[in-house]
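Descriptive analysis of the structure
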Amino acid sequence: MSEDNRVLTEDYCNSGETGDVTGHAETNAIRKLAGLGIGREVLARATIYSSAEPCVMCAGAIFWSGIGRVVFGIDAERLRDFRGERSDQRDAELSCRDVFRASPHPIDCIGPALIDEAGAAHVGAWKA
């Protein structure tokens with residue numbers, strides 16, 4: 001596999017296990033990349049894949065990491081449907097695209113994509 005086609009890392013959301021509200025899959029993966037010493041020139045060509053649209057926090061982490069492309073499954077509105085109306089599960093209703101548009105370096109954003117497949121990861125995962 002060429003360097004341009006390799007998986008750099010993968011991770012998952014462990015907020016429920018750890019109580020760390022910043023433990024989203026995207027931030028966990030970016031932390032791992034930092035620990036591996038992956039350079040910004042590689043990250044600028046990298047794509048981060050997520051089952052759901054990155055939240056504002058994760059979009060900021062993607063921006064600061066220098067990752068150049070994001071592909072996500074379900075959009076934030078569909079994710080809110082899975083989460084329900086619990087006040088402790090509400091998010092800042094701001095699209096990751098808004099964060100990426102403010103970036104001085106380009107961040108391509110593709111999604112929603114493969115909605116049914118991406119949504120399957122969220123079925124039953126959110127506490128009512």
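Let me begin by describing the structure that accompanies this report. (Residues numbered from 1 in each chain as written. Predicted model: local features only at pLDDT ≥ 70, side-chain atom pairs only at ≥ 80, totals over all residues. Heavy atoms only, no water.)

Turning our attention to the nonpolar core. Ile62, Ile67, Val70, Cys96, Phe100 and Ile107 are the most contacted members of the largest nonpolar core, which has 18 residues in total. Elements supplying a minimum of two residues to this core: α2 (25-36), α3 (40-43), α4 (56-65), β2 (69-74) and α6 (96-101). When residues in this core are grouped by element, the largest group, four residues, is from α4. Once residues lying within four places of it in the same chain are set aside, the contact partners of isoleucine 67 are Ile30, Leu33, Leu43, Ala46, Ile48, Ile62 and Ile107. (Core = buried A, V, L, I, M, F, W, Y, C linked by side-chain atoms within 4.5 Å. Buried < 20%, exposed > 50% of the residue type's maximum accessible area, 1.4 Å probe, protein only. Helix = DSSP H or I, 4+ residues; strand = E, 2+ residues; numbered from the N terminus. Contact = heavy atoms within 4.5 Å.)

Looking at where serine 95 falls in the secondary structure, it is placed in the loop between α5 (76-83) and α6. Spatially, the C-alpha atoms of serine 95 and cysteine 55 are 7.2 Å apart, while their sequence positions differ by 40 residues. At 3.0 Å, the side chain of serine 95 forms a polar contact with the backbone nitrogen of arginine 97. (Polar contact = N/O pair within 3.5 Å; in protein donor to acceptor, adjacent residues only side chain to side chain.)

Just geometry here; none of it tells us what the structure is for.
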